[in-house]
Amino acid sequence: MTKLRLTILQLYPDEMNIYGDWGNTLTLIKRAEWHGFEVQHIDYNPGDDFPSDVDIIIGGGGQDSGQLKVRDDLQKIAPKLQQLAASGTPMLMICGMYQLFGRFFKTSTGEILEGIEIFNAETHAGPERMIGNVIIESKKFGDIVGYENHSGQTFIDHGSTPLGRVVRGAGNNGKDESEGLIENNVIGTYLHGSLLPKNPQIADFLIEQAVLKKYGEFTPKIVDDHFAEKAREIAKKRPR
Ligand code: GLN
């Protein structure tokens with residue numbers, strides 16, 4: 001029997017990809033295979049043609065300088081990304097790319113990096129870096145564990161849904177206990193780590209949404225997650 005295919009697109013793997021973010025793409029590839037799909041993985045770099053057939057989009061974190069390098073290209077592909085987001089394409093954007101999916105990121109020198117407004121949120125560089133292990137509680141996904149390192153403080157608009165509530169760590173801004181944002185099937189979060197190996201429930205959500213959108217039904221396979229469970233337990237016990 002020929003396998004159904006899923007295409008995963010990674011945005012800016014050279015500029016926006018730190019603290020293990022690449023592990024998110026690897027996890028999606030592996031889990032989609034374990035659920036019975038054939039996976040095609042495409043890197044999207046500045047200047048590339050945007051592929052016509054994409055099922056899941058991933059973006060990682062980076063330095064402010066990395067964000068500066070991709071900003072113009074991101075504006076160029078914004079209409080495509082906005083249209084895919086509105087039509088339910090699942091996406092995961094970590095840290096620096098999360099910031100650029102909002103209205104703007106204002107850097108410590110006052111420069112405005114305009115975002116692509118998929119998220120109703122804005123980010124302002126803050127006086128100190130928020131660094132360390134994080135636990136958040138999410139209605140949709142249960143406990144989520146990860147690691148943050150950012151100075152940008154993100155404020156999400158009233159009416160937007162955070163990914164979760166901070167149990168340990170700073171989250172969006174260190175002030176209002178919110179962490180991340182979810183809009184349609186697009187998730188933004190500060191959690192590196194990598195996020196998905198330790199939080200397979202989020203990986204399977206992205207895969208499920210992609211499969212439902214493309215093929216109409218999804219029958220998950222049973223995946224042995226005892227290593228992921230162990231990693232979660234240990235992550236929860238780590239000091240901040
Ligand atoms: N430059 C951003 C900040 O520090 C993003 C950092 C990151 O992606 N880890 O806020």
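Counting restarts for each chain, with residues numbered from 1 along the sequence as it is written. pLDDT decides what is reported in this predicted model: residues at 70 or higher carry local features, side-chain atom pairs at 80 or more are listed and counted, and totals for whole chains, interfaces and linings draw on all residues regardless. Where side-chain values are given, they derive from all heavy atoms of the structure, hydrogens and water being excluded.

## Some remarks on the layout of surface pockets
- If you add up the space inside the largest pocket, you get close to 240 Å³.
- The method works on a 1 Å grid over the protein atoms by themselves. A cavity is a set of points holding a 1.4 Å probe that cannot get out, a pocket is an open set with protein on both sides within 12 Å along at least five of seven lines, and residues with an atom within 4 Å of a point line them. Lining the largest pocket are 13 residues, and of these Leu4, His35, Gly36, Phe37 and Lys221 lie nearest its centre.
- The residue inventory of the lining of the largest pocket, partitioned by class, reads six nonpolar, four polar and three charged. Grid points are joined across faces, edges and corners, and a volume is the space filled by probe spheres set on the points. Polarity classes work like this: nonpolar for Ala, Val, Leu, Ile, Met, Phe, Trp, Tyr, Cys and Pro, charged for Asp, Glu, Lys and Arg, and polar for all others, with Gly in that last group.

## Quick look at the site of the ligand
- The rule for a residue being near a molecule or strand is that one of its heavy atoms must lie within 4 Å of it. The full set close to the ligand counts 15 residues, and Gly62, Asp64, Cys95, Gln99 and Gly152 are the nearest of them.
- N or O atoms closer than or at 3.5 Å make up a polar contact, with two conditions inside protein: a donor-capable atom paired with an acceptor-capable one, and, for residues adjacent in sequence, both atoms drawn from side chains. In this structure, an oxygen atom belonging to the ligand sits 2.9 Å away from a main-chain N or O atom of Gly62.
- A distance of 3.0 Å is found between an oxygen atom of the ligand and a backbone nitrogen or oxygen belonging to Gly96.
- Alone, the ligand offers 300 Å² of accessible surface; in the complex the protein occludes 98% of this.
- Helix numbers and strand numbers start at the N terminus; a helix is a DSSP run of H or I with at least 4 residues, a strand a run of E with at least 2. Looking at the shell around the ligand, the elements with two or more residues in it are helix 2 (64–86), helix 3 (95–100) and strand 8 (142–156).
- Ranked by residue count, the leading element in the shell around the ligand is strand 8, at four residues. Note on areas: these come from Shrake-Rupley sampling with a 1.4 Å probe, and a residue is covered only by the protein chains present in the view.

## As for the sheet that holds strand 2 (residues 38–44)
- Reading across the sheet, the six strands line up as 2-1-3-4-12-11 and stay open at both edges, with mixed pairing between neighbours. Looking at which strands have only one partner, the edges of the open sheet turn out to be strand 2 and strand 11 (181–183). For this sheet, the mean angle separating the axes of adjacent strands, direction not counted, is 15°. When DSSP finds two or more bridges between a pair of strands, those strands are recorded as paired. Orientation is described by lines fitted to C-alpha atoms, with helices fitted over the stretch in contact, and by angles between N-to-C directions that extend from 0 to 180 degrees.

## Describing the side chain of Thr123
- Tracing the sequence through the fold places Thr123 in strand 7 (residues 121–138).
- Using a relative accessible area of 2% as the deciding quantity, one classes Thr123 as buried.
- A polar atom in the side chain of Thr123 sits 2.8 Å from the side chain of Thr154.
- We call two residues in contact when some of their heavy atoms are within 4.5 Å. Those residues within four positions of Thr123 in sequence are excluded, and the remaining contacts are Gln99, Phe104, Phe105, Lys106, Gly152, Gln153, Thr154 and Tyr190. Only protein chains enter the area calculation, which uses a 1.4 Å probe; residues under 20% of their type maximum are buried, those over 50% are exposed, and those in between are partly exposed.

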